[in-house]
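Results of the structural survey
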Amino acid sequence: GTVTVGSGGTDELHATGGPALDVTGTSGASFDFEDVDSTNSANDGINIDGLGTGIFQAAAGDIGGAAGISFDLNGGSGTILYQGNLNNSGGTTAIDITGRSGGGVTLSGPISDTNDAGGALNVSSNTGGSTTLSNATKQFNTGASDAVNFSSMRPSDAIELTELPPVRFVIW
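So, here's what we can say about the structure. (Residues numbered from 1 in each chain as written. Predicted model: local features only at pLDDT ≥ 70, side-chain atom pairs only at ≥ 80, totals over all residues. Heavy atoms only, no water.)

1. As for the overall build of the protein
The helix and strand tally for the protein stands at zero helices and 19 strands. Residues classed as buried in the protein amount to 44% of the 172 residues present. Working note: accessible area of the protein is about 7800 Å², and carbon and sulfur atoms make up 49% of it. (Helix = DSSP H or I, 4+ residues; strand = E, 2+ residues; numbered from the N terminus. Buried < 20%, exposed > 50% of the residue type's maximum accessible area, 1.4 Å probe, protein only. Areas by Shrake-Rupley, 256 points an atom, 1.4 Å probe, with all protein chains shown as cover.)

Below, the structure written as structure tokens:
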């Protein structure tokens, strides 16, 4: 079947103790929300896996306290736009974007991550597409864990971290 949550009106998701959105295996579905919130999820804050050419958009939101991954995106080639806040959690990573074959992923809200066990940002095993984090606030204080992991990607894949202070990259 077809799943469509259209724009206009008031399409909102608010969850406490669980993910705001947990979508798997819904290739071609369309999700267009005004607000998506998850507080203290026992798993991921937002989990999107197998959306195929489908789209996900949220104009606002707050994800915080997830025991898993705050924003977990796996697979697909459709447009992904999340404009909400990604707040601190104790999970594995704040953002995990893996297995994408194309399309643009834009996270334009502030990111504040201070203690995830696996680091803050993991972008890996993508064969196409682009990933953009565009808000000026990107706080990755991960202690001994890597703050950012970009791995198993093609040289042509685009990753854009805008509004950053000077950054030093060391390539081995």
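The structure having been displayed, the exposition proceeds.
2. Some words on the side chain of Ser38
Inspection of the secondary structure puts Ser38 in strand 5 (residues 35–39). Ignoring any residue separated from it by four or fewer positions in sequence, one finds Ser38 in contact with Ala15, Gly18, Pro19, Ala20, Gly45, Asp62, Ile63 and Gly64. (Contact = heavy atoms within 4.5 Å.)

3. Remarks on unusual backbone geometry
In this model, Asn40 sits at a positive phi of 55 degrees, which is unusual for a non-glycine residue. The topology assignment puts Asn40 in the loop between strand 5 and strand 6 (46–49). Backbone geometry places Ser125, a non-glycine residue, at a positive phi of 55 degrees.

4. Side note on the sheet that holds strand 3 (residues 21–24)
Taking strand neighbours across the sheet as the criterion, the six strands line up as 3-6-9-12-15-18 in an open arrangement whose pairing is parallel. Sheet topology places strand 3 and strand 18 (148–151) at the edges, where each strand pairs with a single neighbour. When strand polarity is set aside, the average angle formed by the axes of neighbouring strands in this sheet is 5 degrees. Where strand 12 (residues 95–98) and strand 15 (residues 121–124) come together, four bridges link them in parallel fashion. By the bridge assignment for strand 15, Asp96 is matched with Asn122. (Pairing = 2+ DSSP bridges. Axes fitted to C-alpha atoms, helices over the stretch in contact; angles between N-to-C directions.)

5. Some words on the packing of aromatic side chains
Overall, the coordinates contain three aromatic pairs when judged by the stated rule. With centroids separated by 6.3 Å and ring planes inclined at 10 degrees, the aromatic side chains of Phe31 and Phe33 adopt a geometry described as stacked. Note on Phe33: relative accessible area 6%, which makes it buried. Note on Phe33 and Phe56: the rings are 6.4 Å apart at their centroids and 50 degrees apart in plane angle, and the pair reads as tilted. Of this pair, Phe33 sits in strand 4 (residues 30–33) while Phe56 sits in strand 7 (residues 55–58), and the two are 23 residues apart along the sequence. Across the pair, exposure class does not vary: Phe33 and Phe56 are buried alike. An aromatic cluster is defined as three or more aromatic residues linked by ring pairs; in this entry it consists of Phe31, Phe33 and Phe56. (Phe/Tyr/Trp six-rings, centres within 6.5 Å; stacked < 30°, edge-to-face > 60°.)

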